[in-house]
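# Descriptive structure summary
Spelled out from the first residue to the last, the chains are:
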Amino acid sequence: MNHSNHWIFARILVINALLLGSPVLSQSSQPVWLPNLFTKIEQLEKASADLSAERQELLRGAAEMIAAEVQGGHSVALNFICTHNSRRSHLAQVWGAVAAQRYGVSQVQSFSGGTEATACNERVVRSLRRAGFSIVTVSPRVDNPLYLLQFAEDVPPLQLFSKRYDEPTNPSSGFVAMMCCSDADDKCPVVSGAVGRVALHYTDPKESDGTKAESQTYDLRRDEIAAEMFFLLREVSRMLSS
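These remarks concern the structure in this document. (Residues numbered from 1 in each chain as written. Predicted model: local features only at pLDDT ≥ 70, side-chain atom pairs only at ≥ 80, totals over all residues. Heavy atoms only, no water.)

### Some details on the packing of helix H2 (residues 35-47) against helix H4 (residues 88-102)
In plain terms, the rule: Geometry is summarised by axes, namely lines fitted to C-alpha atoms with helices restricted to the contacting stretch, and by angles between N-to-C directions that run from 0 to 180 degrees. What counts as a helix is a DSSP run of H or I of at least four residues, what counts as a strand is a run of E of at least two, and both are numbered from the N terminus. Any angle from 65 to 115 degrees is called roughly perpendicular, while one under 35 is roughly parallel, one over 145 is roughly antiparallel, and all others are oblique. When checking whether two residues touch, look at their non-hydrogen atoms; a contact exists if any pair is within 4.5 Å. Only Asp, Glu, Lys and Arg are considered charged in this grouping, and only Ala, Val, Leu, Ile, Met, Phe, Trp, Tyr, Cys and Pro are considered nonpolar; every other residue, Gly among them, is considered polar.
Remark: H2 packs on H4, axes separated minimally by 12 Å, with the N-to-C direction vectors making an angle of 85°. Classified by the angle between their axes, H2 and H4 sit roughly perpendicular to one another. Packed against H2, whose contacting residues are Leu 37, Phe 38, Ile 41, Leu 44 and Glu 45, the element H4 presents Trp 95, Val 98 and Arg 102 at the interface. Here the residues of the contact of H2 with H4 sort into 6 nonpolar, no polar and 2 charged.

### A word on the packing of aromatic side chains
Defined as follows: Stacked, tilted and edge-to-face pairs are distinguished by plane angle, under 30 degrees for stacked and over 60 for edge-to-face with tilted covering the rest, among Phe, Tyr and Trp rings (Trp via its six-membered ring) whose centres lie within 6.5 Å. Burial classes follow relative accessibility: with a 1.4 Å probe on protein chains only, a residue under 20% of its type's maximum area counts as buried, one over 50% as exposed, and anything between as partly exposed.
Scanning the entire structure with this criterion turns up 4 aromatic pairs. When the ring of Trp 95 is compared with that of Phe 133, the centres are 5.1 Å apart and the planes differ by 70°; the resulting orientation is edge-to-face. In this pair, Trp 95 sits in helix H4 while Phe 133 sits in the loop between helix H5 (122-131) and strand E3 (134-137), placing the two residues 38 residues apart along the sequence. Ring geometry for Tyr 103 versus Phe 230: centroids 6.2 Å apart, planes at 90°, classification edge-to-face. In this pair, Tyr 103 is assigned in the loop between H4 and strand E2 (108-114) and Phe 230 in helix H7 (residues 214-241), connecting sequence segments 127 residues apart. On the accessibility criterion, Tyr 103 (13% relative accessible area) is buried.

### Points about the sheet that holds strand E4 (residues 147-150)
For clarity, the cut-off: A strand pair is defined by DSSP finding two or more bridges across the two strands.
Read from one edge to the other, the open sheet built from 3 strands follows the order E3-E4-E5, with strand pairing classed as antiparallel. Each end of this open sheet is capped by a strand with a single partner; those strands are E3 and strand E5 (158-160). Adjacent strand axes in the sheet meet at a mean angle of 25° when their direction is disregarded. In the sheet, E3 pairs with E4 via 4 bridges, with the strands oriented antiparallel. If you follow Val 136 over to E4, its bridge partner there is Leu 148. Each of E4 and E5 touches H4; the most contacted strand, E5, lies at about 180° to it.

### Description of the sheet that holds strand E7 (residues 194-199)
Spatially, 4 strands are ordered E2-E1-E6-E7 in an open sheet, and the strand pairing comes out parallel. Edge strands, defined here as strands with exactly one partner in the open sheet, are E2 and E7. Sheet twist, expressed as the average angle between the axes of neighbouring strands with direction ignored, equals 25°. When strand E6 (residues 175-179) meets E7, the two strands line up parallel, connected through 5 bridges. Note on E7: the bridge partner recorded for Met 178 is Val 198. Strand contacts of H4: strand E1 (76-82) and E2, with the helix running at about 175° to E2, the strand carrying the most contacts.

### Observations concerning the nonpolar core
What counts is decided by this rule: What is meant by a nonpolar core is a set of buried Ala, Val, Leu, Ile, Met, Phe, Trp, Tyr and Cys residues, joined one to another through side-chain atoms within 4.5 Å.
Judged by nonpolar contacts, the single largest core of 69 residues is most densely connected at Trp 95, Leu 128, Phe 133, Phe 151 and Leu 232. Examining the composition of this core, we find that 11 residues originate from one element, H7, more than from any other.

### As for H4
Since there are 3.6 residues in each turn of an α-helix, residues three or four apart along the chain are aligned in direction. Heads up, the rule is: Given a helix with a known number of residues, its expected span is that number minus one, times 1.5 Å.
For H4, spanning 15 residues, the distance from its first C-alpha to its last is 21 Å, which sits close to the expected 21 Å at 1.5 Å a residue. Along H4, 15 of the 15 residues are buried, which leaves the element largely enclosed by surrounding structure. Phi turns positive one or two residues past the end of H4, at Gly 104, with a value near 65°.

### Notes on the state of the cysteines
Quick note on the threshold: Defined by distance alone, a disulfide is two cysteine sulfur atoms within 2.5 Å.
A full pass over the atoms with the stated rule returns 0 disulfides. With no disulfide of its own, Cys 82 lies closest to Cys 181 among cysteine sulfurs, the gap being 3.1 Å. You can call Cys 82 buried: its relative accessible area is 5%.

### Some words on the pairing of E1
The following threshold applies: Think of it like this: strands point away, you trace from the first strand over the helix to the second, and a clockwise trace means the crossover is right-handed.
Summarising burial for E1: 7 of the 7 residues are buried, a large majority. Residues Val 76, Leu 78, Phe 80 and Cys 82 line one face of E1 and the alternating positions Ala 77, Asn 79 and Ile 81 line the opposite face, and both faces are buried. Sheet analysis places E1 next to E2, joined by 7 bridges and oriented parallel. Across the sheet, the residue bridging to Cys 82 is Gly 114, located in E2. For the crossover from E1 across H4 to E2, the handedness is right-handed. Pairing analysis gives 5 bridges linking E1 to E6, with the strands arranged parallel. Bridge assignment links Phe 80 to a residue of E6, and that residue is Met 178.

Set out below in structure tokens:
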């Protein structure tokens, strides 16, 4: 499946979701979480309280920017950007979407992209499955597969595939550029259409590929990113309700 077909398939899913009347969650409501995933969510929420003061300050600054946009009457897209859109940016996109649902911040949506397209790495997919997500491979025999990721029974699945950050399925304006790696940050001094920019810069788990530490490294990076997304969206929710 090429990038054009990915885009067409994504549009079909959006139309189907609208026809089926996908639920809009309020702050007081919660989706029907997948059971094993919800156990993991509770663990990661606790871990989010132990972030370093430096990371908390960075994320609070991002939360203030996001909350200000929402208070100004705007929906906010978080576009998580990394060089290849293969590992860290997908992890951040997934947990950003989960955290927005968890804290009822329906005005925040989560996307990902790269400075070039490669593939959503299969090690990321396996790590997310270990955390409790349900993931179906739609196009397994292509270089850049499309995955559908489910985290709740009553929420449409997320689409995971590698793409440039300016792919038509991603927002073209009014988004916050969440830079997941220093390489992409350096290569994109200006991200066209972004209303803000945050330098998250996570260590690439790719360094462990093919080693005995591979699964552990991916799971640690998965949980690190998840804890920060829970902290970020919880802060946004708190600011909007104060």
